[in-house]
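As a plain string of letters, each chain reads:
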Amino acid sequence: MIDRPTYMRLLRLYRDQTLIKILTGVRRSGKSTLFRLFMDELRGSGVAGEQIQCLNMEDVDNASLLDYRELHRHIKERLVAGKPNYVFLDEIQNVPDFQKAVRSLADKGNVDLYLTGSNSKLQSGEWATSIAGRYVEIHVLPLSFREFVDAYPGRWSRDEAYTAYTKLSSFPQVAAFPGEQRQEMADRYLQDLYGGIVLKDIMDARNIREVGRLDRLARFMADSIGSELSVKSISNAMTADGFKASPPTVEAYLQAFRDCYLFYKADRYDVKGKRMLKTQNKYYIVDPGLRQLLAGKAARDSGHLLENTVYLELVRRGYRVSIGKVDLWDGAEATRRSVEVDFVAQRGGETLYLQVSESILDPVTRERELRPLLAIRDSNPKFLLTRDYGDELFDGVQHVNVLKWLMGE
């Protein structure tokens, strides 16, 4: 099993706290494996086996426990009195009214609860409304670039590893495939995974039957990562392509994609006005391999793919990520125009500004990429991330090799 240090640190941090721990994320991102890793660690710290209960609510053997009363009874009967008990419930959303059992178990005082779930069946923030104020969500993404490199020790140079990362997949299972067949097996695996997300998580949950239109929208979005989009512009593009989709339908499908974590939405942020804007959002896909599957030749757009990788890494590090809008004045013509900062990343009281580019060796490209960052007058850190080697400082903007940054160096 691949170690997931970021998520393991969070599980350790919240261990034995009264908060319920909920792991969410796209299918097969490693949530169940994290349970196994953490249970092994508990046993290693002296916790007896009988103090740990783990139930997968998608396992047919546990079908009788899909009634929340039976689930509660089953767990309660096996609790060890006078000692802490650790209860792990995988895919809990399959249990109707699961929150009733969860709340009751949490009230026992000696039960430390850990849940995983597919958010596609928990629409409109139902985690929050069902157990409000009593849980912490740990969002699990597929492998980061650093975890991917660690999964293939000594196999590639760093640049070769990044190429493999974008061509294969960041899903943990792919790392277990034998080298000579890895690409073929990864392609088949991703096809099945995508079918599971679309057919099971989206179509069943949303009662959608137009699989062709849903699939076409997914492919359009994969082709358009990092591009400014509106619901109306997507609707027009779909209709022109022969898949008529009204703006309300597009909006519902996009929300479904987000609910199952296939795509992530980044809103635009007015840097000077310090406020979110409602138009021209961007979308990013959860895995580069899935983008390759859905967009085909269009996935060779290395600039947007690099931008996608940086976006997901910022999310992994706990930042709220937006697209920055900065106003520039043209002194000669006394006119104002807007330019874009790729990412405004906010976490607690911290704000970072980041621009992402394949290379800035060309002076014209360097000036274009630096211009939005240099126009920001506050003192928050500003970074220009590129594939170039050689860190430099441009009037307060730190130029950093993006692969070093992805590795946390």
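For the structure itself, consult the block above.
Residues numbered from 1 in each chain as written. Predicted model: local features only at pLDDT ≥ 70, side-chain atom pairs only at ≥ 80, totals over all residues. Heavy atoms only, no water.

(A) Spatial organisation of unusual backbone geometry. A positive phi is found at Asp97, a non-glycine position, where the angle reads about 60°. Here Asp97 shows up in the loop between β3 (85-90) and α4 (98-106). Within the chain, Asp395 stands out as a residue other than glycine whose phi angle is a positive 50°. With respect to the secondary-structure elements, Asp395 resides in the loop between β12 (392-394) and β13 (397-401). (Helix = DSSP H or I, 4+ residues; strand = E, 2+ residues; numbered from the N terminus.)

(B) Molecular detail of helix α13 (residues 302-316). Given a rise of 1.5 Å per residue, 15 residues ought to cover 21 Å, and the 21 Å separating the end C-alpha atoms of α13 matches this to within 8%. Taking burial as the measure, the 15 residues of α13 include 11 buried ones, the bulk of the element. Remark: Gly318 follows α13 within two positions and exhibits a positive phi of approximately 90°. (Expected span 1.5 Å × (residues − 1). Buried < 20%, exposed > 50% of the residue type's maximum accessible area, 1.4 Å probe, protein only.)

(C) Representation of the packing of helix α9 (residues 211-223) against helix α11 (residues 247-259) within the structure. Between α9 and α11, whose axes approach to 11 Å, the crossing angle comes to 70°. The angle between α9 and α11 falls in the class roughly perpendicular. When α9 is examined against α11, the residues Arg213, Leu214, Leu217, Ala218 and Met221 are found in contact with a partner set consisting of Thr249, Val250, Tyr253, Leu254 and Phe257. In terms of residue class, the contact of α9 with α11 is built from 8 nonpolar, 1 polar and 1 charged. (Axes fitted to C-alpha atoms, helices over the stretch in contact; angles between N-to-C directions. Parallel < 35°, antiparallel > 145°, perpendicular 65-115°, else oblique. Contact = heavy atoms within 4.5 Å. Nonpolar A, V, L, I, M, F, W, Y, C, P; charged D, E, K, R; others polar.)

(D) Representation of the nonpolar core. Phe88, Met221, Ile234, Phe257, Leu314 and Phe343 are the most contacted members of the largest nonpolar core, which has 91 residues in total. Looking at this core element by element, the count peaks at 9 residues for helix α8 (residues 182-206). With 22 residues, the next largest nonpolar core counts Ile92, Phe98, Leu105 and Ala106 among its residues. (Core = buried A, V, L, I, M, F, W, Y, C linked by side-chain atoms within 4.5 Å.)

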